[in-house]
Amino acid sequence: MGKPGNKHEILLLGSFPPKFRFSLLLLNLEEYYFEQHTANHIQHRGSQNERKIRGSLKICSKSVIFEPDAISQPIIKIPLRDCIKIGKHGENGANRHLAKAKSGGISLIFSQVYFIKEHNIVAPYKTERGEMEYVFELDVSGKVEDVVETLLQLHRASCLDKLGDQTAMITAILQSRLARTSFDKNRFQSVSEKLHMECKAEMVTPLVTNPGHVCITDTNLYFQPLNGYPKPVVQITLQDVRRIYKRRHGLMPLGLEVFCTEDDLCSDIYLKFYEPQDRDDVYFYIATYLEHHVAERTAESYTLQWQRGHLSNRQYLLHLNNLADRSCNDLSQYPVFPWIISDYCSAELDLSNPGTFRDLSKPVGALNKERLERLLMRYQEMPEPKFMYGSHYSSPGYVLFYLVRIAPEYMLCLQNGRFDNADRMFNSIAETWKNCLDGATDFKELIPEFYGDDVSFLVNSLKLDLGKRQGGQMVDDVELPPWAQSPEDFLQKSQDALESNYVSEHLHEWIDLIFGYKQKGSDAVGAHNVFHPLTYEGGVDLNSIEDPDEKVAMLTQILEFGQTPKQLFVTPHPRRITSKFKSLFQTSSCNASTADSPVSPGEESFEDLTEESKTLAWNNITKLQLHEQHKIHKEAVTGIAVSRNGSSVFTTSQDSTLKMFSKESKMLQRSISFSNMALSSCLLLPGDATVISSSWDNNVYFYSIAFGRCQDTLMGHDDAVSKICWHDNRLYSASWDSTVKVWSGVPAEMTGTKRHQFDMLAELEHDVSVDTISLNAASTLLVSGTKEGTVNIWDLTTATILHQIPCHSGTVCDTAFSPDSRHVLSTGEDGCLNVTDVQTGMLISSMTSDQPQRCFIWDGNSVLSGSQSGELLVWDLLGGKISERIQGHTGAVTCMWMNEQCSSVITGGEDRQIMFWKLQY
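Bear in mind the structure is a predicted one, so any value in this text is a computation, not a measurement.

Conventions adopted
- For every chain, the first residue of the written sequence is number 1, and numbering continues from 1 along that sequence.
- Note on the predicted model: pLDDT of at least 70 is required for a residue's local features to be given, and 80 or more for side-chain atom pairs to be given and counted; whole-chain, interface and lining totals, by contrast, use all residues.
- Hydrogens and water are ignored here; the side-chain numbers use all heavy atoms of the structure.
- Any two rings among Phe, Tyr and Trp, with Trp reduced to its six-membered ring, count as a pair given centres within 6.5 Å; such a pair is stacked if its planes are under 30 degrees apart, edge-to-face if over 60, and tilted if neither.
- Only protein chains enter the area calculation, which uses a 1.4 Å probe; residues under 20% of their type maximum are buried, those over 50% are exposed, and those in between are partly exposed.
- Labels follow the DSSP assignment, with helices taken as runs of H or I lasting at least four residues and strands as runs of E lasting at least two, numbered in each case from the N terminus.
- Look at NZ for Lys and CZ for Arg. If either is within 6 Å of the ring centre and within 35 degrees of the ring normal, a charge sits over the ring.
- Here, a strand pair is defined by DSSP locating no fewer than two bridges between the strands.
- Inter-axis angles, ranging from 0 to 180 degrees, are taken between N-to-C directions of lines fitted to C-alpha atoms, where helices are fitted over the stretch in contact.
- Only residues whose relative accessible area exceeds 30% and that form no salt bridge enter a patch; like-charged residues are grouped when within 9 Å of one another, and nonpolar side chains (Val, Leu, Ile, Met, Phe, Trp, Tyr) when within 5 Å.
- Residue burial considers only the protein chains on display, and all accessible areas are found by Shrake-Rupley using a 1.4 Å probe.
- What counts as a salt bridge is simple: a side-chain nitrogen of Lys or Arg found within 4 Å of a carboxyl oxygen of Asp or Glu.
- Neither His nor the chain ends contribute to the count of charged residues, in which Lys and Arg are positive and Asp and Glu negative.
- By convention, charge coordinates are those of NZ in Lys, CZ in Arg, CG in Asp, or CD in Glu.

Participant: Before we go on, may I ask you to explain the packing of aromatic side chains in this structure?
Facilitator: Given two aromatic rings, their pairing is described by the distance between the two centres and the angle made by the two planes. In the structure shown here, the tally under the stated rule is 35 aromatic pairs. Considering the side-chain rings of tyrosine 134 and phenylalanine 136, the 6.3 Å spacing of their centres and the 75 degrees angle between planes classify their relative orientation as edge-to-face. Accessibility assignment for this pair places tyrosine 134 and phenylalanine 136 in one class, buried. Ring centres of tryptophan 306 and tyrosine 316 lie 4.7 Å apart, and the angle between their planes is 10 degrees; this geometry places the pair in the stacked category. Taken together, the positions of tryptophan 306 in helix 4 (residues 299-307) and tyrosine 316 in helix 5 (residues 313-323) put the pair ten residues apart, joining distant regions of the chain. Ring pairs connect the aromatic residues Trp339, Tyr344, Phe401, Tyr402, Phe426, Trp433, Phe450, Phe457, Trp483 and Phe490, which therefore count as one cluster. The cationic tip of lysine 386 hangs over the ring face of tyrosine 379; the distance from NZ or CZ to the ring centre is 5.3 Å. The lysine or arginine in question, lysine 444, covers the ring of tyrosine 398, its NZ or CZ lying 5.0 Å from the ring centre.

Here it is in structure tokens:
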């Protein structure tokens, strides 16, 4: 199904061919269109001037609409509540509608009528008042009685005193019609299609819902409107579906939105069900179908892509809006975008000047200090529930304020056939911004169109008569700031501003206000970000309101007022990685290496080449090929260390031995045993003279390669040592005794026979046993993973914990920092790969596999992991998928080593083998 109209980011229902002058926007809000009949409107009946105007009579829940075939004639809309008498034409008496007459005429006597779209021009409705009679003659005279009966029933509903009673009666009429009909199976695309489920629902477009039947088969999703409008059936092939979202509609969990594109703002269909169970069943069926084709995305998975520059600021905001229930089909929850630029006066726009930008850490209402002070005084004096702002930053009225030039029929629908006062229209960008800064009740943000490519919302290309301003000038195109040469230039510069460095560095602050932790509670109060309680999800429980009148009034108020997006984040949002912040976590690393070994200019350029070769290697990591394998242990291999020249490979095993294997001669050169307990990991000190091994016997052993003996033993723990790391003469040991200890006095060269004095510098205490640790490149941070699935990030400069994240259900298998220290990746027994933001501790990506990933290496974007199944898996974290599965060991892959150029890999497994892999590209 193509989207109605063009691909503009609002669904222009009015852009059907001219013969479709009628649109559901001619109905009142919350009104239904039931049926239509070809008919003649008889004018001046019985006189010499009698005329028959051919057209279509449409029966709606609150009005009768006649659409003449000739577009020069206006569409006629007669509200049922304004009808005085309804019956067959030419009958007298109270029961005239029941008499048997041959006439096919329906007579309506009423006190008010609207004339719409004369000559097909979109303009405010013309109203005529005073008692008058219109007669409509149906082509099929046999239907007159039924139509009159229906109209009388709907008229009774319209005349009920209470709005709640009106709504209840119309709902009952609608449900009875839906119950008498069902989906027409002849509309199936193929005779072999298998019906999965059928239910009643409404198709939602802005300001309008259209009732009908939903049908889902093994290959298609169908919607058949009760009234056959705008076409008999809407069909979506399940194979084309890319994303589906559950939606709140009218504050109830009844909506479902289906997209057949990855990035489009507009969906292919939005359905509102009558029962949450029906919605959930359809969602489950489509989601199950998609599971094999498309990974479901969370806000966090997009955060990682955005942080690493794979998503633009605009794309990221679109995704967040989507996940927060914002939809182009629901004007009370339309996507919200920030004001970015604050300079609308200068002739040139300077994006390098911070003064050009709006303060993104404050809501619009707090940008003007004086206005905020007045609002806060009122807030202090207000009884509970308190709020700072009496209007919202996003509402149907605000959306159509911006879009009136391309969606005039929506504005007329929302405002009962009228445009707004000419001076209150969207006349100028600068004027609108000034009003948002100074206006007593204007706190609106922007919409995505301000950062898109379609300029039509800024230009009066439809030549609409939008009224005359006080100065005498007509409302026409939007007045642009001096720095914009044209509407196209304005949008381009707005996009440039949104993607600028300043915004990339501060956008997370605005996300905290709109989608994040400053949306509610004390953080919202502190950020001056408190709106009316009714605007928040869960602010009112409609089901608990028993009075139908009160319920309808409450819902109407909420939908008109606007709604706060669903809260996506409850902790501070991570900032984007920009060039300015890239060195943030690496400074100490640079200082340390400069102090230790001065780097010559020649080496620096070699470093750049190394980076390039690493990138190339990781881009081709799926082409890893097995070169050779050797079974050198009697139990699972637990650790691998390799000499700098790559010739000697050291491995530890649960068989309690440390082995030295020669890569050249492919021979085992040494086998060392320190005790009869398993060894858990090993590492080689710089200079390749000493191997350190950790053991389940609570000790750490220092083995001198030159002397061929154990040079020293560190008895530092009360339970098995599970993992060790070394950097800059410091040893870090993790243990099942629930501690990680930092030891000084571990020199790279352990010469002679002298025993060493190991000093404990710090003890990092945990609640349960620690199974794995890892350092960042600068050794300023350490990450530990525990038996109970917690990932802890520690600041080693102060020996304090920064974040404690319950990441996994079950033991953490492995953890490691990204090369830039911005993220931590962890794998667990639960099969999850989780990425955590180091600065905020927020979990920003989670992927699952059918088997635990026991060990891994990663470059920040891609992961090479060793699976419980024995395979090596390549993960594309940004794409959210497994790109390759490589057959490897016959048991779990338990440890992994990669050379500096990232071109060769060694793995150890439960099958007691070590395997040598090389990149072939």
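Next comes the rest of the write-up.
Participant: Can you help me understand the sheet that holds strand 21 (residues 690-695) in this one?
Facilitator: Strand-to-strand pairing in sheets goes through backbone hydrogen bonds, with the strands running parallel or antiparallel. Strand order in the open sheet made by the four strands is 20-21-22-23, with antiparallel pairing throughout. This sheet does not close on itself; its edge strands, each paired only once, are strand 20 (679-684) and strand 23 (709-715). Here the average twist between neighbouring strands, direction ignored, is 20 degrees. Where strand 21 meets strand 22 (residues 699-704), five bridges bridge the pair, whose relative direction is antiparallel.

Participant: Can you walk me through the sheet that holds strand 27 (residues 759-765) in this structure?
Facilitator: With antiparallel pairing, four strands are arranged side by side in an open sheet as 24-25-26-27. With one partner strand each, in any of the chains shown, strand 24 (721-727) and strand 27 form the two edges of the open sheet. Strand-to-strand twist of the sheet, defined as the mean angle between neighbouring strand axes without regard to direction, takes the value 20 degrees. Two elements, strand 24 and strand 25 (residues 730-735), share six bridges in a ladder whose sense is antiparallel. Paired with histidine 727 across the strands is arginine 730, a residue of strand 25.

Participant: Explanation requested: a negative patch on the surface in the structure shown.
Facilitator: Taken together, the side chains of Asp161, Asp165, Asp547 and Glu550 define an acidic patch exposed on the protein surface. With respect to the secondary-structure elements, glutamate 550 resides in helix 13 (residues 548-561).

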